[in-house]
Amino acid sequence: MTQQTTAPGMASTLKSLDTEECIDIWFYRPIGYRWALLFHRLGVSPNAITIMAIFIGIAAGVCFYYTSLMVNVVGMLLLVWANSYDSADGQLARMTGQKSPLGRVLDGFCGDVWFFTIYVAICLRLMPEWGLWIWLLAIVTGSYHSKQAAMADYYRNIHLLFLKGRAGSELSHSQAVAESYRRMTWRGDFVYKLFEMFYLRYTRGQERSTPRFQEMMDVIRHDYADEAPEWFRTAFRTRSLPLMKYTNMLSFNTRVIALFVSLLIDAPWLYFAFELTVLNAMLIYMVRTHERFCAQFTVQLKEAVR
């Protein structure tokens, strides 16, 4: 009698319904799941999928240099394709357990390369009209873009930590990252140490932006032996859940919709304006709200152990 094996269902490849966006659930995740099944049968690793996504996204960005609407539409389709691969790599990793620190770094690097290419393409496209000023606008916007994406990723992983525990979250503590960095050698682990160096800076930047959350985590580590009590986990998830929609809007889909609209009306500079105004307003609200209830929880945690 032969034993039949079935592929894991799509639900098992999701991080959590709390942190998934509607567009992802109904569009990117189903497509990514089918790509993941195909690549699994072909023996393709999640990191290889990410690398393919990087090059497809670069091709998409190059298309946005041209003023031809047809070429721009091709670029939009390529970017959607690239993002479906970016979804598939994570789904395949969760499906097969092929998670790795390099995979997480590559995944973050993927989006950075896409948008760097997009920014450069838009600047080159607008230089005849704007001159060098468009580069200044892009640099300022890009710095805020990085902040928006970093904080969205951080808050999503914080939520997952108290929802699913450490196994279901990729939240990093800079002290642990620094220790891993120190253990590596430039001679024997050059690539990994280089990635870890950038990741350490990334993690420290997230922590500097969240002082009240860091205080709360210090209380959990020292007063609760690094195990948050169940009452706190439930209460924290309730306060954190409404912010998950902002983490999604600051990640990919909302900004890409704004990008596509700006290209369709031949005003790509409006994409920069959208990031500087609407997305920054979301970022400020998200950080302030999260810091406020973390400060409240710190007081409650301290009172509970007295």
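Rules and cut-offs
Residues numbered from 1 in each chain as written. Predicted model: local features only at pLDDT ≥ 70, side-chain atom pairs only at ≥ 80, totals over all residues. Heavy atoms only, no water. Helix = DSSP H or I, 4+ residues; strand = E, 2+ residues; numbered from the N terminus. Rg over C-alpha atoms; globule rule 2.2 N^0.38 Å. Buried < 20%, exposed > 50% of the residue type's maximum accessible area, 1.4 Å probe, protein only. Contact = heavy atoms within 4.5 Å. Areas by Shrake-Rupley, 256 points an atom, 1.4 Å probe, with all protein chains shown as cover. Patch = residues over 30% accessible without salt bridge, like charges linked within 9 Å, V, L, I, M, F, W, Y side chains within 5 Å. Salt bridge = Lys/Arg side-chain N within 4 Å of Asp/Glu carboxyl O. pLDDT = per-residue confidence, 0-100. Core = buried A, V, L, I, M, F, W, Y, C linked by side-chain atoms within 4.5 Å. Phe/Tyr/Trp six-rings, centres within 6.5 Å; stacked < 30°, edge-to-face > 60°. Lys NZ or Arg CZ within 6 Å of the ring centre and 35° of its normal. Expected span 1.5 Å × (residues − 1). Bend = angle between axes of the 7 residues up to and from the residue. Axes fitted to C-alpha atoms, helices over the stretch in contact; angles between N-to-C directions. Left-handed = near helix turned anticlockwise from the far one by under 90°.

**Points about the overall build of the protein chain**
A count of helices and strands for the protein chain gives 12 helices and zero strands. Its helices and strands taken in sequence order, the protein chain reads α-α-α-α-α-α-α-α-α-α-α-α from the N to the C terminus. The C-alpha atoms of the protein chain give 21 Å as radius of gyration, which agrees with the globular expectation for 306 residues (19 Å, within 12%). The buried share of the protein chain, reckoned over its 306 residues, is 48%. For the protein chain, long-range pairs separated by at least 24 residues make up 78% of all intrachain contacts whose partners lie at least 6 apart in sequence. Working note: accessible area of the protein chain is about 15,800 Å², and carbon and sulfur atoms make up 64% of it.

**So, a nonpolar patch on the surface**
Nonpolar side chains collect at one region of the surface, where I23, F27, L69, I257, V261, L264, I265, W269 and L270 lie side by side and expose about 770 Å² of accessible area between them. Listed by contribution, the elements that provide at least two residues to the nonpolar patch are α1 (22-42), α11 (253-264) and α12 (269-304). Following the sequence through the fold, L69 ends up in helix α3 (residues 69-96). For L69, a relative accessible area of 45% puts it in the partly exposed group.

**With respect to the confidence of the model for the protein chain**
In this model, the protein chain carries a mean pLDDT of 89, and residues with pLDDT of at least 70 account for 93%. In this model residues 1-5 is a low-confidence stretch, pLDDT under 50, and it forms zero contacts with partners more than four residues away in sequence or in other chains.

**Observations concerning the environment of F162**
Its place among the elements puts F162 in helix α5 (residues 133-164). Along the backbone, F162 and M282 are 120 residues apart, and their C-alpha atoms lie at a distance of 23 Å.

**Quick look at the nonpolar core**
Residues F64, L79, W114, F115, L259, Y271 and F272 are the most contacted members of the largest nonpolar core, which totals 40 residues. Other than its neighbours up to four places away in sequence, Y271 contacts F115, Y119, I122, H145, R255, A258, L259 and S262. Ranked by size, the runner-up nonpolar core spans 29 residues in total, among them I158, F213, F232 and L250.

**Description of the packing of aromatic side chains**
A full pass over the atoms with the stated rule returns 27 aromatic pairs. Aromatic side chains F115 and F252 sit 6.4 Å apart centroid to centroid with 70° between the ring planes, which places their arrangement in the edge-to-face category. Highlighted residues: F115 in helix α4 (residues 101-130) and F252 in the loop between α10 (244-249) and α11, separated in sequence by 137 residues. Residues F115 and F252 agree in their burial class; the two are buried. A ring pair is formed by Y119 and F272, whose centres lie 5.0 Å apart and whose planes are at 55°; its orientation type is tilted. Here Y119, found in helix α4, pairs with F272, found in helix α12; they are 153 residues apart in sequence, far enough to count as distant. On the basis of relative accessibility, which here comes to 9%, the residue Y119 falls in the buried class. A connected cluster of aromatic rings, assembled from ring pairs, spans F162, W231, F232, F236, F293 and F297. Here K193 stacks its cationic end above the ring of Y181, 3.7 Å away from the centre of that ring.

**Quick word on α1**
Given a rise of 1.5 Å per residue, 21 residues ought to cover 30 Å, and the 29 Å separating the end C-alpha atoms of α1 matches this to within 8%. Where α1 bends most, at Y28, the angle is about 40°, and the proline P30 comes one to four residues later. Listed as buried for α1 are D24, Y28, R29, P30, G32, Y33, A36, L37 and F39. Structurally, α1 contributes buried residues whose contacts are with α2 (46-63), α3 and α11. With its phi angle positive at about 80°, G43 sits one or two positions after the end of α1.

**So, the packing of α1 against α3**
Axis separation between α1 and α3 bottoms out at 7 Å; the angle between their running directions is 60°. Handedness of the crossing formed by α1 with α3: right-handed. Residues F27, Y28, R29, I31, G32, Y33, W35, A36, L37, F39 and H40 of α1 pack against V80, W81, N83, S84, Y85, S87, A88, Q91, L92, M95 and T96 of α3.

**A word on the pattern of salt bridges**
Throughout the structure, instances matching the rule amount to nine salt bridges. Note that R221 is salt-bridged to D218, the shortest N-O span being 3.2 Å. Pair noted here: R221 and D218 are both in helix α8 (residues 211-223), with a separation of three residues, about one helical turn. Classification of D218 as partly exposed rests on a relative accessible area of 35%. Connected through shared salt-bridge partners, R166, D226 and E227 make up one network.

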